[in-house]
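# Report on the structure
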Amino acid sequence: GFAPAAGDHTAILVGETLSYGIRWGVVPAGTATMSIKGDRVVANQACLHVVATAVSNPVFDKIYAVRDQFESFMDAQDLKSWAFKKHLREGKFRRDQVVRKDHAEGKAYYHDGQVHEMTPGAFDVLSAFYFVRTLPLHDGDEYFLDSHTDRKNYPIKVTVHRRERVKVPAGSFDCVVV
């Protein structure tokens, strides 16, 4: 395995929205989306603004209402994370978090004033997802990405398992199992 350089950015399109159905076992529980909303400037860096949401449906709301939103401001060139926001509403659980990242200093600055050491070039969970889409993804490949989330540094291991044809309501698609 190795830490890859940024690959083909043609897979990253402003305006793209990915939509997913969420199930709890066989029960439809809600929807999730990931959207590239547009260009933004964060820490004097040109960034892509990504928003992801998870929302439970009205039936599941009665059991466990979910209204989560995540935002990533990822570098327009190498997709590393310059800022990340988390707004969680899950049942009675509430958590909000904002972190701004200084890659030159290797510091992550949190909304509550805490400062944590950060691996320069680190991704957040959303920017890592989009970065992986730029890679060639050959069967058997392994990649290790530096990430910083929830005041911690840790590697994200990405393993490319195989190719698979997947049938969903939108049709059948050739996919990569990662």
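The text that follows walks through the structure, step by step, so that each part is easy to find.

Rules used throughout
- Residues numbered from 1 in each chain as written.
- Predicted model: local features only at pLDDT ≥ 70, side-chain atom pairs only at ≥ 80, totals over all residues.
- Heavy atoms only, no water.
- Helix = DSSP H or I, 4+ residues; strand = E, 2+ residues; numbered from the N terminus.
- Rg over C-alpha atoms; globule rule 2.2 N^0.38 Å.
- Buried < 20%, exposed > 50% of the residue type's maximum accessible area, 1.4 Å probe, protein only.
- Contact = heavy atoms within 4.5 Å.
- Lys, Arg positive; Asp, Glu negative; His and termini not counted.
- Charge placed at Lys NZ, Arg CZ, Asp CG, Glu CD.
- Salt bridge = Lys/Arg side-chain N within 4 Å of Asp/Glu carboxyl O.
- Polar contact = N/O pair within 3.5 Å; in protein donor to acceptor, adjacent residues only side chain to side chain.
- Core = buried A, V, L, I, M, F, W, Y, C linked by side-chain atoms within 4.5 Å.
- Phe/Tyr/Trp six-rings, centres within 6.5 Å; stacked < 30°, edge-to-face > 60°.
- Lys NZ or Arg CZ within 6 Å of the ring centre and 35° of its normal.

### Here we look at the overall build of the protein chain
Each helix and strand counted, the protein chain has 2 helices and 12 strands in total. Helices (α) and strands (β) of the protein chain occur, in sequence order from the N terminus, as β-β-β-α-β-β-β-β-β-α-β-β-β-β. Over its C-alpha atoms the protein chain spans a radius of gyration of 17 Å, differing by no more than 12% from the 16 Å that the globule rule assigns to 178 residues. In terms of principal-axis extent, the alpha carbons of the protein chain reach across some 45 × 40 × 30 Å. Going through the 178 residues of the protein chain one by one, you find that 37% of them count as buried. In the protein chain, 40% of the contacts between residues at least 6 apart in sequence involve partners at least 24 apart. The distance from the centre of the 23 positive side-chain charges to the centre of the 22 negative ones in the protein chain is 8 Å.

### Focus on the pattern of salt bridges
Under the counting rule described, the total for this entry stands at 11 salt bridges. Between glutamate 16 and arginine 133 there is a salt bridge, with the nearest N and O atoms lying 2.8 Å from each other. Within this pair, whereas glutamate 16 is found in the segment before strand E1 (17–24), its partner arginine 133 is found in helix H2 (residues 125–133), the two being separated by 117 residues in sequence. A relative accessible area of 26% places arginine 133 in the partly exposed class. The salt bridge partner of arginine 162 is glutamate 164, with a shortest N-O separation of 3.2 Å. When its relative accessible area of 41% is taken as the criterion, arginine 162 is described as partly exposed.

### Examining H2
Structurally, the α-helix is built with 3.6 residues per turn, so residues lying three or four positions apart point the same way. Among all positions of H2, only Leu126, Ser127, Ala128, Tyr130, Phe131 and Val132 are buried. Between the side-chain oxygen at the start of H2 and the backbone nitrogen of leucine 126 there is a gap of 2.9 Å, and the oxygen is on aspartate 124.

### Comments concerning the nonpolar core
Grouped together as the largest cluster of nonpolar side chains are 27 residues, with contacts concentrated most on Ile12, Met74, Leu79, Tyr130 and Leu145. Only strand E2 (27–42), strand E3 (45–56), strand E7 (107–110), H2, strand E9 (142–149) and strand E10 (152–159) provide two or more residues apiece to this core. A total of 5 residues in this core trace back to one element, the largest contributor, which is H2. When neighbours within four sequence positions are excluded, isoleucine 12 is seen to be in contact with Ile36, Leu48, Met74, Leu79, Tyr130 and Thr134. By size, the runner-up hydrophobic cluster in this structure holds 5 residues, among which are Cys47, Phe73, Trp82 and Ala83.

### Notes on the packing of aromatic side chains
Within the structure shown, the criterion is met by 4 aromatic pairs. Note on tryptophan 24 and phenylalanine 60: the rings are 5.5 Å apart at their centroids and 75 degrees apart in plane angle, and the pair reads as edge-to-face. Here phenylalanine 60 lies in helix H1 (residues 58–64) and tryptophan 24 lies in strand E1, a separation of 36 residues in the sequence. Residue tryptophan 24 is classed as exposed on the basis of its relative accessible area of 57%. We classify phenylalanine 60 as buried; its relative accessible area is 11%. Its guanidinium or amino end placed over the ring of tyrosine 110, arginine 151 lies 4.4 Å from that ring's centre, counting from NZ or CZ.

### So, unusual backbone geometry
Even without a glycine there, the phi angle at aspartate 150 is positive, about 50 degrees. For arginine 151, which is not glycine, the phi torsion reads 70 degrees and is therefore positive. By relative accessible area, arginine 151 is classed as partly exposed at 25%.

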